[in-house]
Amino acid sequence: MSRFRKPEKVDSLAGFRTEKTEPMVPYGLLKAARKSGQLNLSGRGLTEVPQNVYRLNVDTPEEAEKNVSFGASERWWEQTDLTKLLLSSNLLTQLSDDISLLPGLTTLDLHDNKLSSLPGALGELQELQQLRVSHNQLTTLPVEVCSLQNLRSLTVQQNQLESLPEELGQLKNLTELDLSNNHLKGLPSGLGRLTCLQKLNLSDNKLSSLPDSLAQLTNVKMLDCSKNQLTDIPASLSGMLALEQLYLRHNKLRLFPQLPAPALKELYVGNNQIEHLEAEQLACLAAISLLELRDNKIKSLPEQITLLSTLTRLDLTNNDITILPASLSLLPNLKVLLLEGNPLRGIRRDVLTKGTNELLKYLRGRIKEEPERADQGHTAMTLPSQASVNVHSIKTLKTLVYSEKQAGVIPDELFDAAADQGVTTVNFSKNQLTSIPPRLVEFHSSLSDVNLGFNKLTCCSPDVCKLLQLTHIDLRNNQLSDLPPDMKSLTKLRSIILNYNRFKSIPEVLYQISSLETVLLGNNQVGAVDPGLLMKLVNLSTLDLSNNDLLNVPPELGLCSSLRCLSLEGNPFRSPRAAIVAKGTDAVMEYLRSRIPT
């Protein structure tokens, strides 16, 4: 019998030593995971996934084997299936087929490991909604992944993929696909079948062309094709009717892309070889707000640049422009004009260095006013209050401007001049207004853009809630501390600027405006943010909370997947550290997700 006991002792010791090699997965974590359905093993130096993780919902728990009289709280047979498994920032070189023992997984995070391949068994995780495998060494994507019918988000950036399976188009519920920083030379035509896709990142690859099938992606809002080898953009891309942001930086484009994309707001084509801008190309950009053309070879701008009435930022840095058309000053919403590195003539250097406002004033001075008709009388351009009315601006550009007057009220004559003109833009900034002019309501059927910044508003009048066509409102540099609850009726509002006010929290009503894409609340006194409510703002891409009073940043904020720009600098919180915040939004969001308690 002694011969049998010795091997038992050896096996026992071997088992003991095996447990010693897995000190990074405390038993308490596994026990808690059975109750919560979540297990966070990120950053534990794991070289392989322990078997007891795979078998978490299969094997009888250790405490149940030892103690048959455990209480109701320890009823292991009522355990929750594991739905969330975080294994990021480890040293994993492979994932076992045993991953199929966790069929309830909805989130699997494997980013920042050393994986060179993925097991076909992933195809059995039919509940999976998020698969993160970025920052690994993958050369292929197993075709089995393409059978995950519930998958919403697939992030594969920073790998070594050279091709993609044609079956990728079977992921019919996918809304986010990140393939950036790989070695892709082409894309499967099946990509066009991803009709639910909203974000597609193809940057930093070796693509020389884009397939026409992309035109079928009618729900994509953001397409990033930066840092590739594209020489032209197919006209078929105009079929991407929902496209709002298009990144084409660092390619080999010689022609400005002519894309009648009706919703396009931001177009980045910097660092290409574009030489000419044609009026018909610009005419397509009906909703453009930001146009980046820096580091190209553009020699001139067409007079028809005024067609871009919604443009707020124009970057022409480092081109070959010698003359600026005076009509540039007629762009009603232009706030930022960047011209450094151009051989401009006829404009004094001191004008250029004073900034956008001074430059636009200078260009306006070069425009000859059209003579008024005789029947309008010689005082038609001047109101009794001596307020100059820009008739051209009202009638042609549908813009009403009364800015930088330091006025306490807006003269009635100004509203009278704009009556029945279908005004879309109002700029009453830089005055001394203590309340919102009640006559704004007269433009309720047409007004889409209101600028009331740099005034002395202490409250926001409920009248604003009647401007149902409003898409943008600027209330920066006032004395506001709250917004009216009825603002939830502004179902078209896309951006709101509230910087430099007195808000102590994010106004409750903002959480109810699902159309919001940009919320700027920098330099207030905001002390808390509710990520649960923020997640309901599925269109929110930019959130500025810089220079506020945030003492902590809830990790769940990292689950707000629509955010592409999150500004948190200048707050007194200690975590995340300043070094992480300085790395930008992606780094902050990734950090926050890794800190979500299991």
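In this text, all values refer to a predicted model and were calculated from it rather than measured experimentally.

**Student:** Mind showing me how you'd approach the confidence of the model for the protein chain here?
**Tutor:** Note: predicted coordinates in regions of low pLDDT should not be interpreted at a detailed level. For the protein chain, per-residue confidence averages 86 on the pLDDT scale, and 89% of positions sit at 70 or higher. Counting interchain partners and residues more than four positions distant, the pLDDT-below-50 stretch residues 18-23 has 2 contacts.

**Student:** Is there a simple way to explain the packing of aromatic side chains in this structure?
**Tutor:** Working definition: an aromatic ring pair is given by the centre-to-centre distance plus the angle between the planes. Across all of its chains, the model carries 3 aromatic pairs by this definition. With a centroid separation of 4.4 Å and an interplanar angle of 0 degrees, the aromatic rings of Tyr247 and Tyr268 are classed as stacked. On the criterion of sequence distance, the pair formed by Tyr247 in strand S9 (residues 245-247) and Tyr268 in strand S10 (residues 266-268) is long-range, its members being 21 residues apart. You'll find Tyr247 and Tyr268 in the same group, each marked buried. Ring geometry for Phe415 versus Phe428: centroids 5.9 Å apart, planes at 80 degrees, classification edge-to-face. Remark: Phe428 occurs in the loop between strand S15 (425-427) and strand S16 (449-451) and Phe415 occurs in helix H9 (residues 412-418); sequence separation between them is 13 residues. The buried category is assigned to Phe428, whose relative accessible area is 0%. Ring pairing ties together the aromatic residues Phe415, Phe428 and Phe443, which thus form one cluster.

**Student:** Sorry, what's going on with the sheet that holds strand S20 (residues 542-544) here?
**Tutor:** Through backbone hydrogen bonds, the strands of a sheet pair up, either in parallel or in antiparallel fashion. The 8 strands lie next to each other as S14-S15-S16-S17-S18-S19-S20-S21, forming an open sheet whose pairing is parallel. The open sheet is flanked by strand S14 (399-401) and strand S21 (565-567), the only strands paired with a single partner. Going from strand to strand, the sheet's axes swing by 5 degrees on average, the running direction of each strand aside. Summarising the sheet, strand S19 (residues 518-520) and S20 pair through 3 bridges and their orientation is parallel. Note that in S20 the partner of Thr518 across the bridge is Thr542.

**Student:** Help me understand the pattern of salt bridges in this model?
**Tutor:** Between side chains of opposite charge, pairing is possible as soon as their charged atoms come close. Applying the stated criterion across every chain, the model contains 13 salt bridges. With a shortest N-O distance of 3.6 Å, Lys265 and Glu244 are connected by a salt bridge. Pair noted here: Lys265 is in the loop between S9 and S10 and Glu244 is in the loop between strand S8 (222-224) and S9, with a separation of 21 residues, a long-range link. Taken individually, Lys265 and Glu244 each receive the classification buried, so the pair is uniform in this respect. Between Asp463 and Lys466 there is a salt bridge, and its shortest N-O distance comes to 3.6 Å. One connected set of salt bridges, linked through shared partners, spans Glu244, Lys265, Arg494 and Glu517.

Procedures and definitions
Here, residues in each chain are numbered from 1, in the same order as that chain's written sequence. The predicted origin of the model limits local features to residues at a pLDDT of at least 70 and limits the giving and counting of side-chain atom pairs to 80 or more, whereas totals for whole chains, interfaces and linings rest on all residues. Excluding hydrogens and water, the side-chain figures rest on all heavy atoms present in the structure. One confidence number per residue, pLDDT, is output by the predictor and ranges from 0 to 100. By the convention used here, residues are in contact when the closest approach between their heavy atoms is within 4.5 Å. Aromatic pairs are defined between Phe, Tyr and Trp rings, using the six-membered ring for Trp, whenever the two ring centres lie within 6.5 Å; interplanar angles under 30 degrees are classed as stacked, those over 60 as edge-to-face, and all others as tilted. Secondary structure is summarised from DSSP: a helix means a run of H or I of at least four residues, a strand means a run of E of at least two, and numbering begins at the N terminus for each. Throughout, exposure labels follow a simple rule: accessible area from a 1.4 Å probe, protein chains only, divided by the maximum for the residue type, with under 20% read as buried, over 50% as exposed, and the rest as partly exposed. Between any two strands, pairing holds if DSSP finds at least two bridges. Inter-axis angles, ranging from 0 to 180 degrees, are taken between N-to-C directions of lines fitted to C-alpha atoms, where helices are fitted over the stretch in contact. Salt bridges are counted wherever a side-chain nitrogen of Lys or Arg sits within 4 Å of a carboxyl oxygen of Asp or Glu.

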